[in-house]
Each structure stands twice: as C-alpha cells, then as structure tokens.
Amino acid sequence: LEKGPLLRDRYGLDIGLVGAADSRGAAYCEAGLDLAQVMRLKQSGDTVARYPDAGRLGWRAAEMVATCDADLLLEASPVNLNAGAEPGLTCVRTALRRGIHVVTPNKGPIVLAYRELHDLAAEQGVELRYDGAVAGGLPALYLVRRDLRGARIHRIEAVPNLVTGYVMDLLADGVAWEETLARAHQEGVLEEDPSWDLEGWDAAAKLVILVNSVLDARAGRQHLVQLEDVARTGITGLEPETLRSARAQGMRYRLLAKAECRADGSYRLSVLPEPLLPEHPLGRLGRKQMGVVFSTDIYGTIAAIIDEPDPMPSAASMLRDLLDIMA
Ligand SMILES: NC(=O)c1ccc[n+]([C@@H]2O[C@H](COP(=O)([O-])OP(=O)(O)OC[C@H]3O[C@@H](n4cnc5c(N)ncnc54)[C@H](OP(=O)(O)O)[C@@H]3O)[C@@H](O)[C@H]2O)c1
C-alpha cells in the first residue's frame, strides 16, 4: 500500500494481490483483492477467509496455490521444521511446479528441500528467492551471489539470530531468565517455540542456507550441507554470571554461527555462544542488530550489519526479492 506509487513511478510495476491465506482459510479473486481490506481483517484479528465474496473458511493455502492464477507467491508461514516445514514446503513446491515465482523468508522449505526446490525452479524457468531467510532484512545472500563473485570464502561468521543477543544482553544486565523471556515474547522477537531460537536451531538453519548459497554459486552444488552438519550449542545453559563477567572485561556474548573452509572446499559448521571483543566486527552489535562477516581471498574481509528495531526490514526483504525478479 505504502510503496505502490513508488513502484509504479520508478519501475512501472503495478502489483495486484489476487490471493491471500492464513491459518483459518484463504481468499482469491482474479480481479484482485483490496489490500487495505485484507490489512483491516488481519489487524482486527480476523481471517482473510472472511473477505467478502472471495474468502472461504477452511480453504487451505496449498489448495489455493494449486488452483490460482498468479505470477508470484509470497510465502511467509511459520518455519515448522518439526512438521516437515509445512504448509510452507507444499505451497512453495506447488507454486514452482506451476511456473509461479516464489519469494519466501521461511527457512523451513529451503533447509529441508534446497536442491529439489532449486531444480524445480530451474526446470520451470522461474525464480526462487529467500533473502529474508538468513538475517532478516540484511541482504546477506545478495552479497554472496553478486558481490563476492569470483572469491574463495575462507570463513563466514554470522550473528543471524536477533533474539539470542537480546536475551543475553538482558541477562547480563541482571534481568532474570523468566522476565527476559517474557519481554522477548512481548516484543515479538521470540518464535512461538522458544527453543527454536534459544537452542540455536534458527542460527543453524540460517548458516546452512548461507553456506549452501555460497557452495551453490561456487562449487557446482556438489557438497551441499544439512542441519545435522552443524555442531550446535544454544544459550540456555549459559550462566548469567558468565555473561556479566564477560561484560566487565569489555566483551559481549553473541550466538556465533561459523563456517570455516577446509582444504577440500567443504565447510566446518558450528553455532556457539561466544564472548566477542569490541575489535571483532560483530563485537559491538546492539540488542536489535544482526551481522555477517565474510573473509575472502580477493575482496578482503567484508562485514555487514543491520539494525532491525522491528520486523519491517525482514518483511521488506520480500519486496527486494520481488523487485529483483519483476522489475
Ligand atoms: N518476523 C521476523 O522478523 C522474521 C524475520 C525473518 C524471517 N521470518 C520468517 O517469516 C515467516 C513469517 O514470520 P512472522 O513473524 O510473520 O510469523 P507470524 O507472525 O507467526 O505469521 C505467520 C502467518 O502464517 C499464517 N499461518 C500459520 N499457519 C498457517 C497455515 N497452516 N496455513 C496458512 N497460513 C498459516 C498465520 O496465520 P494467522 O494470521 O491466522 O495466525 C500468520 O498469518 C516465518 O517463516 C519466519 O521464520 C520472520
């Protein structure tokens, strides 16, 4: 709604929403849905299934994607890796099979079915983009694919998960665990299942996507990695005293996701809470910041950081992907 006029003026793009789905149903209208109306429904806690005339309660997202006429799918359902990344995976797969471009910040389908989905997109001649799946609004994948072309990446260090930094900072401030988690929930930075963030699964999934993108671009996709390849330690076992003492020594704990290139071109992957000195490119990250550092052979060391006080930059990453495909 906000960007419509700019997209028309700058790119000559007039984007119409023909379908929308949520957990209770879906709405589809070939002539287009009114975005403001869809927003009003969601903001009032209602469902798009109650969109006048076009909405149907109980109509599943995947069913709509299987039958609708559209150019591009924006898929943003929960990760649900414990449930086969559904309904995201089926929606993404179905759209690609039907020759519909896909943009998703949802890690689930990309982690579980990286190769299958990329092959499908290539077969159908459509794009599959997921820049928001790595570090919210930070354009980490664009950096890899475009700006690090021709490089060997020796090492990747990333703080791709916002909530663990937020939690560790509050604990170091002396706030109790329960209160810290309550605040994280309140601010909407914690996923519904807190263990996804706190046990390092989220950071591990993002690392896998990042490394596979590097390998895909560089090594002909031969050694793609999986979640099981990541040596993972979360932050739940950390003593607040450890965090406080690190801070007293001028250091800041962050859940660091690392990939180190071995001689054979494969990567050693880990996720581990580590105390970082202020000199480290990620050592000064604030409470709502994420970052990534690439150490390369020819481009030196490149660090990128994002300040993400609310989820807007993550949501906006979908617009960036959409424009890269359509504009
Ligand atoms: N929030 C962020 O900062 C951020 C950053 C990067 C990536 N992401 C990723 O983006 C995705 C969405 O995140 P979010 O924070 O927007 O999550 P969210 O607030 O929980 O929204 C999830 C949406 O998915 C819908 N949904 C749930 N189950 C569904 C089903 N079975 N069929 C159809 N729709 C279903 C929900 O419907 P209802 O409205 O009916 O509940 C809701 O609209 C996730 O994969 C997340 O990992 C989020």
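Residues numbered from 1 in each chain as written. Predicted model: local features only at pLDDT ≥ 70, side-chain atom pairs only at ≥ 80, totals over all residues. Heavy atoms only, no water.

**Observations regarding the pattern of salt bridges**
Applying the stated rule across the entire model yields 18 salt bridges. Salt-bridge contacts for Lys42 lead to Asp22; the nearest nitrogen and oxygen are separated by 2.8 Å. You can see Lys42 sitting in helix α2 (residues 35–43) and its partner Asp22 sitting in strand β1 (residues 19–22), a full 20 residues away along the chain. Among the salt bridges present, the one from Glu116 reaches Arg93, with a minimum N-O distance of 2.6 Å. Taken together, the positions of Glu116 in helix α5 (residues 107–124) and Arg93 in helix α4 (residues 88–97) put the pair 23 residues apart, joining distant regions of the chain. Residue class for Glu116 comes out partly exposed when judged on its relative accessible area of 31%. (Salt bridge = Lys/Arg side-chain N within 4 Å of Asp/Glu carboxyl O. Helix = DSSP H or I, 4+ residues; strand = E, 2+ residues; numbered from the N terminus. Buried < 20%, exposed > 50% of the residue type's maximum accessible area, 1.4 Å probe, protein only.)

**Focus on the state of the cysteines**
By definition, a disulfide links the sulfur atoms of two cysteine residues through a covalent bond. On inspection of all chains with the given rule, the structure shows zero disulfides. With no disulfide of its own, Cys68 lies closest to Cys91 among cysteine sulfurs, the gap being 9.7 Å. Exposure remark for Cys68: the relative accessible area of 9% places this residue in the buried category. (Disulfide = S-S within 2.5 Å.)

**Observations concerning the sheet that holds strand β11 (residues 289–296)**
If you trace the six strands from one edge of the open sheet to the other, you get β8-β10-β9-β7-β11-β12, paired in mixed fashion. In the strand order of this sheet, the two ends are held by β8 (230–232) and β12 (301–307), each with one partner. If you compare each strand with its neighbour and ignore which way they point, the axes differ by 20° on average. The sheet contacts of helix α7 (residues 140–147) involve β11 and β12, and relative to β11 the element is tilted by about 20°. (Pairing = 2+ DSSP bridges. Axes fitted to C-alpha atoms, helices over the stretch in contact; angles between N-to-C directions. Contact = heavy atoms within 4.5 Å.)

**Brief notes about the packing of aromatic side chains**
On inspection of all chains with the given rule, the structure shows one aromatic pair. Measuring from ring centre to ring centre gives 6.5 Å for Tyr114 and Tyr130, while their planes differ by 75°; the resulting arrangement is edge-to-face. Here Tyr114, found in helix α5, pairs with Tyr130, found in the loop between β6 (128–129) and α6 (132–135); they are 16 residues apart in sequence, far enough to count as distant. The exposure class assigned to Tyr114 is buried, which follows from its relative accessible area of 4%. On the accessibility criterion, Tyr130 (1% relative accessible area) is buried. (Phe/Tyr/Trp six-rings, centres within 6.5 Å; stacked < 30°, edge-to-face > 60°.)

**Structural notes on the sheet that holds strand β3 (residues 55–57)**
Strands sit in the order β1-β2-β3 across an open sheet of three strands; the sheet is antiparallel. At either end of the open sheet lies a strand with only one pairing partner, and these are β1 and β3. Across the sheet, the mean angle from the axis of one strand to that of its neighbour is 10°, orientation sign disregarded. Where β1 lies against strand β2 (residues 25–28), four bridges are found, and the strand directions are antiparallel. Among the inter-strand pairings, Gly19 is bridged to a residue of β2, identified as Tyr28.

**A few points about the site of the ligand**
The environment of the ligand is formed by 16 residues, the closest being Asp22, Ser23, Lys42, Ser77 and Ser314. In the environment of the ligand, a nitrogen atom lies 3.4 Å from a nitrogen or oxygen atom belonging to the backbone of Asp22. A distance of 2.7 Å separates an oxygen atom of the ligand from a polar atom in the backbone of Ser77. In isolation the ligand exposes 900 Å². Once the protein is present, 61% of that is buried. Residues belonging to the shell around the ligand are distributed by class as follows: seven nonpolar, five polar and four charged. (Near = heavy atom within 4 Å. Polar contact = N/O pair within 3.5 Å; in protein donor to acceptor, adjacent residues only side chain to side chain. Areas by Shrake-Rupley, 256 points an atom, 1.4 Å probe, with all protein chains shown as cover. Nonpolar A, V, L, I, M, F, W, Y, C, P; charged D, E, K, R; others polar.)

**Concerning the packing of helix α8 (residues 162–173) against helix α9 (residues 177–186)**
Two elements in contact, α8 and α9, have axes separated by 10 Å at closest approach and are oriented at 140°. Looking at the two axes, α8 sits oblique to α9. Here α8 runs over α9; the crossing is right-handed. Contacts between α8 and α9 involve Val163, Tyr166, Val167, Leu170 and Leu171 on the former and, on the latter, Trp177, Thr180, Leu181, Arg183 and Ala184. A per-class count over the contact of α8 with α9 returns eight nonpolar, one polar and one charged. (Parallel < 35°, antiparallel > 145°, perpendicular 65-115°, else oblique. Left-handed = near helix turned anticlockwise from the far one by under 90°.)

**Observations regarding a nonpolar patch on the surface**
Residues Leu1, Leu35 and Met39 make up a contiguous nonpolar surface patch of roughly 280 Å² in combined accessible area. With respect to the element layout, Leu35 can be found in helix α2. Overall, the relative accessible area of 36% leaves Leu35 in the partly exposed class. (Patch = residues over 30% accessible without salt bridge, like charges linked within 9 Å, V, L, I, M, F, W, Y side chains within 5 Å.)

**Brief notes about the side chain of Thr94**
Here Thr94 is to be found in helix α4. At 2.5 Å, the side chain of Thr94 and the backbone oxygen of Thr90 are in polar contact.

**Let's talk about the nonpolar core**
If you look at the biggest cluster of nonpolar residues, it comprises 79 residues, and the most contacted ones within it are Leu96, Leu128, Ile156, Leu210, Val211, Val292 and Phe294. Counting residues per element, this core draws most heavily on helix α11 (residues 201–218), at ten residues. If sequence neighbours within four positions are ignored, Val292 has contacts with Leu138, Ala140, Ile156, Glu157, Ala158, Leu210, Leu282, Ile302, Ala303 and Ala304. (Core = buried A, V, L, I, M, F, W, Y, C linked by side-chain atoms within 4.5 Å.)

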